[in-house]
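# What the coordinates show
Residues per chain are reported as follows:
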Amino acid sequence: MLLQPRPTILRGLVQRFEDRRAAYSATGTAETRQQMNDAAYTLCVTTGTRDIDTALMIARRLISLTPAPTPTAEPEPDPTPA
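Keep in mind the model is a prediction, meaning the values are calculated, not measured.

We now examine the packing of helix 1 (residues 7-27) against helix 2 (residues 30-47). Angle between the axes and distance between the axes: these two values describe a pair of packed helices. The N-to-C vectors of helix 1 and helix 2 enclose an angle of 155°; their axes lie 8 Å apart at closest approach. When the axes of helix 1 and helix 2 are compared, the pair comes out roughly antiparallel. Note on packing geometry: the crossing formed by helix 1 with helix 2 is left-handed. Residue-level inspection shows L10, L13, V14, R16, F17, R20, R21, A23, Y24 and T27 of helix 1 in contact with helix 2, the latter providing T32, R33, Q35, M36, D38, A39, A40, T42, L43, T46 and T47. Tallied by class, the residues present in the contact of helix 1 with helix 2 amount to 10 nonpolar, six polar and five charged.

In this model helix 2 runs 26 Å from its N-terminal to its C-terminal C-alpha over 18 residues, within 8% of the 26 Å that 1.5 Å per residue would give. Those residues of helix 2 lying buried are T32, M36, A39, A40, L43, C44 and T47. The arc that holds every buried residue of helix 2, seen down its axis, measures 135°, which confines them to one face. Exposed residues pointing more than 90 degrees away from the buried face of helix 2 are listed as A30, E31, Y41 and V45.

According to the stated counting rule, one finds one salt bridge in the structure shown. Between E18 and R60 there is a salt bridge, with its nearest N and O atoms 2.1 Å apart. Of the two residues, E18 is situated in helix 1 and R60 in helix 3 (residues 52-65); the sequence distance between them amounts to 42 residues. On the accessibility criterion, R60 (40% relative accessible area) is partly exposed.

Ranked by size, the top nonpolar core spans 14 residues in total, and within it L10, V14, F17, L43, L56 and A59 carry the most contacts. Elements supplying a minimum of two residues to this core: helix 1, helix 2 and helix 3. Apart from the residues within four sequence positions on either side, L10 is in contact with P5, T46, T47, A59, L62 and I63.

Quick notes on the rules
- Residues numbered from 1 in each chain as written.
- Predicted model: local features only at pLDDT ≥ 70, side-chain atom pairs only at ≥ 80, totals over all residues.
- Heavy atoms only, no water.
- Axes fitted to C-alpha atoms, helices over the stretch in contact; angles between N-to-C directions.
- Helix = DSSP H or I, 4+ residues; strand = E, 2+ residues; numbered from the N terminus.
- Parallel < 35°, antiparallel > 145°, perpendicular 65-115°, else oblique.
- Left-handed = near helix turned anticlockwise from the far one by under 90°.
- Contact = heavy atoms within 4.5 Å.
- Nonpolar A, V, L, I, M, F, W, Y, C, P; charged D, E, K, R; others polar.
- Expected span 1.5 Å × (residues − 1).
- Buried < 20%, exposed > 50% of the residue type's maximum accessible area, 1.4 Å probe, protein only.
- Arc of directions from axis to C-beta.
- Salt bridge = Lys/Arg side-chain N within 4 Å of Asp/Glu carboxyl O.
- Core = buried A, V, L, I, M, F, W, Y, C linked by side-chain atoms within 4.5 Å.

Everything listed here is a matter of geometry and, on its own, says nothing about what the molecule does.
Right, dumping it as structure tokens:
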């Protein structure tokens, strides 16, 4: 049996990596680089890959295969007067 992470987890990990990559691109500090590397490592482990490009590709594919949650609609009001 193949274990797959939940799409919400994958979305969060992809977003975390992208945020850290943008922060590193903007600041270039050792701290933001370490945060980006940590996020990349977590995403790779979660997807069972060894490089971030493959991890992102797999994560995005798994996210797109899962239907987005549908919002719950409130029941329509009864049109007849009470």
